[in-house]
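# Remarks on the overall topology
The chain contents come next:
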Amino acid sequence: GQSLEQPSEVTAVEGAIVQINCTYQTSGFYGLSWYQQHDGGAPTFLSYNALDGLEETGRFSSFLSRSDSYGYLLLQELQMKDSASYFCAFRPQGGYQKVTFGTGTKLQVIP
Amino acid sequence: DTEVTQTPKHLVMGMTNKKSLKCEQHMGHRAMYWYKQKAKKPPELMFVYSYEKLSINESVPSRFSPECPNSSLLNLHLHALQPEDSALYLCASSPTGATNEKLFFGSGTQLSVL
């Protein structure tokens, strides 16, 4: 089957760095995406890894290792506004429109 | 315009009512999606339209009926819903093609079924 697992909650201090992990099971996929969703809001796209390695977008970086079936989102210089839920997601090969989301991680940033 | 607009933002309906959710985008995207999201859970795919044709139905009950009248509009018709259908309903769009990963989401319709 296709699944993506994430820790349910993470707490980090303002100004610090936090890593949100995503482990997945699939027979093949195009790449790993990350979305942010504030309470009551819509998911917004953050980052995408088509290939193994690190992708950097401002304070956010995302990493993918296909050999380890693992990825992570790295948030640097945490701000209070980063408190939100974060989802990894992928599209299985052969079903490229079938975007499947991970279980989600609720990040709480504390002063 | 990089927005996906959903209406209404909130909807309360009884189990015998018929209502419709609407979604609109003007980004020229030819793939449009309906997702259902329960509190503290990830979005779950319901339907995908590609070039105005239904391409994916994730075994959704027939009380949910999608419609794509044109390339900019997506509707979700609701009839005889159950209380467990209460959730946030999200519309999304994306360019088509295997290399286009980014979904653009609307702000959703918070649905309560009484």
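Presented here is an overview of the structure given in this document. Bear in mind the structure is a predicted one, so any value in this text is a computation, not a measurement. Position labels on residues start from 1 in each chain and follow its written sequence. Lettering of chains starts at A and numbering of ligands starts at 1, both following the order in which they are written. For a predicted model such as this one, the threshold for reporting local features is a pLDDT of at least 70, and the threshold for listing and counting side-chain atom pairs is 80 or more; totals across whole chains, interfaces and linings nevertheless cover every residue. Side-chain descriptors were evaluated using all non-hydrogen atoms of the structure, hydrogens and water having been removed beforehand.

## Quick notes on the layout of surface pockets
Condition: Each cavity reported here is a set of points on a 1 Å grid over the protein atoms alone in which a 1.4 Å probe fits but cannot get out, each pocket an open set with protein on both sides within 12 Å along at least five of seven lines, and each lining residue one with an atom within 4 Å of a point. Grid points are joined across faces, edges and corners, and a volume is the space filled by probe spheres set on the points. Residues are grouped as follows: Ala, Val, Leu, Ile, Met, Phe, Trp, Tyr, Cys and Pro are nonpolar; Asp, Glu, Lys and Arg are charged; all remaining types, including Gly, are polar.
There is about 610 Å³ of room inside the largest pocket. As for the largest pocket, its lining consists of 26 residues, and the residues nearest its centre are Gln37(A), Asp39(A), Gln37(B), Ala39(B) and Lys40(B). When its residues are assigned to classes, the lining of the largest pocket shows five nonpolar, 14 polar and seven charged.

## Let's talk about unusual backbone geometry
Heads up, the rule is: Secondary structure counts use DSSP, requiring at least four H or I residues in a row for a helix and at least two E residues in a row for a strand, with both numbered from the N terminus.
The residue after Thr7(B), namely Pro8(B), is reached through a cis peptide bond having omega -10 degrees. Here Pro8(B) lies in the loop between strand E1 (4–7) and strand E2 (10–13). At Ser69(A), a residue that is not glycine, the phi angle is positive and equals roughly 50 degrees. Its place among the elements puts Ser69(A) in the loop between strand E7 (60–65) and strand E8 (70–75).

## Regarding the interface of chain B and chain A
Put simply, the rule reads: The contact definition used throughout considers only heavy atoms, calling two residues in contact when any of these lie within 4.5 Å. Each of two parts loses accessible area, computed with a 1.4 Å probe, when they are put together; buried area is these two losses added. The working definition used for a salt bridge is a side-chain nitrogen of Lys or Arg within 4 Å of a carboxyl oxygen of Asp or Glu. Pairs of N or O atoms are called polar contacts if they sit within 3.5 Å, as long as, within protein, a hydrogen donor faces a hydrogen acceptor (for residues adjacent in sequence, only side-chain-to-side-chain pairs).
Each partner contributes residues to the interface: chain B has 26 residues there, and chain A has 19 residues. Summed over both sides, the interface between chain B and chain A buries roughly 1800 Å², with carbon and sulfur atoms accounting for 57% of that surface. At the junction of chain B with chain A, the criterion picks out one salt bridge. Two residues, Lys98(A) and Glu58(B), come together in a salt bridge whose shortest N-O distance is 3.3 Å. Counting across the chain B and chain A interface gives four residue pairs in polar contact (both at pLDDT 80 or more). Counting only elements with at least two residues in the side of chain B that touches chain A, the list comes to strand E4 (31–37), strand E5 (44–50), strand E6 (53–57) and strand E9 (87–94) of chain B. Of all the elements, E4(B) adds the most residues to the side of chain B that touches chain A, at four residues.

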